[in-house]
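A structural walkthrough
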Amino acid sequence: MLAQSQFIFPDPITSDPDQQGLICIGADLSPETLYEAYSHGLFPWFSEAEPICWWCPEPRCIIHPQEYYPSKSLMRSMKKKNYRITANRAFDQVIRHCALPRRYADETWISDEIVEGYIALFRAGYAYSIEVWNNDQQLVGGLYGVTIGKGCFGESMFSTETDVSKMAFYALMLIGVEQNLPWIDCQLVNDHLMSLGACTISRQAYLKSLQDVVKAPAIDWKKYQEGVFSTQSIALHASLR
């Protein structure tokens, strides 16, 4: 149980009438502050040299797990190699992989401060990770995010082999279906997410839904820790849909 945050975040609608998305600047990245922010529709996004910036974009990007359908190319990849997929087994490793520079960018927004903040949030029980392991038990991909009630908020993903982050994403969709999640928050719109089946809703609609979602019974992550998913079993599941 977290203590109450010392910070109170402003209402995104009234504080951002021009719908620019930036709600406020400052505070910290303690578990209490992160919990308070996500519970009210905000998330941090800033460069390492900048102060902490808190965002609630208009529109909001989400994905409905029940409406996700994997591509044929992803199905072929999953049938070809039988990776093992777990949840919450290696959060620290996943977020540190996500923080590494990408081939297409020299910098990363996941600073040491963010890594430390979200690791502390995970240890408090309000963050999650999906891990993909190869046959040599090496971590080859995954994703992480925040979890509050039935709220599942995606943050970042990584892969060291082709399509592996998409496999982690598909496993998250299956968990979302099984746990009856109304949506998974993707935050900002980008072409990659839209290609995976994401959509947008208004900020007001998102915030209205959020209040019920975060008060719902928490997602049961423990049942996925031992690796109930394999990529070949997921591919079989998809073929039967």
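Counting starts from 1 at the beginning of each chain's written sequence and moves along it residue by residue. Reporting in this predicted model follows two pLDDT cut-offs: at least 70 for local features of residues, and 80 or more for side-chain atom pairs to be given and counted; totals over whole chains, interfaces and linings ignore these cut-offs and use all residues. To obtain the side-chain values, all non-hydrogen atoms of the structure were used and water was disregarded.

Note the following rule: UniProt positions are given in the numbering used here, feature names are shortened, and annotations may be inferred rather than shown by experiment.
As named in an unreviewed UniProt entry, the protein chain is Leucyl/phenylalanyl-tRNA--protein transferase, taken from Acinetobacter calcoaceticus. Note on the protein chain: under the UniProt heading Function (unreviewed entry), the record states "Functions in the N-end rule pathway of protein degradation where it conjugates Leu, Phe and, less efficiently, Met from aminoacyl-tRNAs to the N-termini of proteins containing an N-terminal arginine or lysine." In its Sequence similarities (unreviewed entry) section, UniProt records this for the protein chain: "Belongs to the L/F-transferase family."

1. As for the pairing of strand β7 (residues 139-148)
Inclusion rule: Partly exposed describes any residue whose relative accessible area lies between the buried limit of under 20% and the exposed limit of over 50%, with all areas from a 1.4 Å probe on protein chains only and scaled to the type maximum. Helix and strand assignments follow DSSP, with helices taken as H or I runs no shorter than four residues and strands as E runs no shorter than two, numbered in order from the N terminus. Strands were regarded as paired on the criterion that DSSP finds at least two bridges between them.
In terms of residue burial, β7 counts as a mostly covered element, since 10 of its 10 residues are buried. Counting the residues in the hairpin turn of strand β6 (residues 127-133) and β7 gives five residues, including Q137, whose phi is positive at 65°. Both β7 and strand β8 (residues 151-159) contribute to a ladder of eight bridges, which runs antiparallel. Bridging from a neighbouring strand, T147 pairs with C152 of β8. Counted between consecutive antiparallel strands, the loop separating β7 from β8 contains two residues, among which G149 sits at a positive phi close to 60°.

2. Some remarks on the domain arrangement of the protein chain
Stated formally: An automatic or database domain assignment supplies the start and end points of every domain. What makes two residues a contact is simply this: any of their non-hydrogen atoms within 4.5 Å. Buried area is understood as the total, over both parts, of accessible area removed when two parts are fitted together, assessed with a 1.4 Å probe. A side-chain nitrogen of Lys or Arg and a carboxyl oxygen of Asp or Glu constitute a salt bridge if their distance falls within 4 Å. Under the rule applied, a polar contact is a pair of N or O atoms within 3.5 Å (in protein, one hydrogen donor and one hydrogen acceptor; residues adjacent in sequence only if both atoms are side-chain atoms). Residues are grouped as follows: nonpolar covers Ala, Val, Leu, Ile, Met, Phe, Trp, Tyr, Cys and Pro; charged covers Asp, Glu, Lys and Arg; every other residue, Gly included, is treated as polar.
For the protein chain, the assigned domains are domain 1 (12-58) and domain 2 (61-239). A C-alpha centroid distance of 21 Å is found between domain 1 and domain 2. Listed per partner, the contact involves 23 residues of domain 1 and 24 residues of domain 2. Here domain 1 and domain 2 share an interface that buries about 2100 Å² over both sides, 68% of which is from carbon and sulfur atoms. The salt bridge partner of R203 is D16, with a shortest N-O separation of 2.8 Å. The tally of links between domain 1 and domain 2 comes to five residue pairs in polar contact (both at pLDDT 80 or more). Of all elements in the fold, only α1 (12-15), α2 (31-39) and β2 (43-44) reach the threshold of two or more residues within the side of domain 1 that touches domain 2. Across the side of domain 1 that touches domain 2, the residue classes tally to 15 nonpolar, five polar and three charged.

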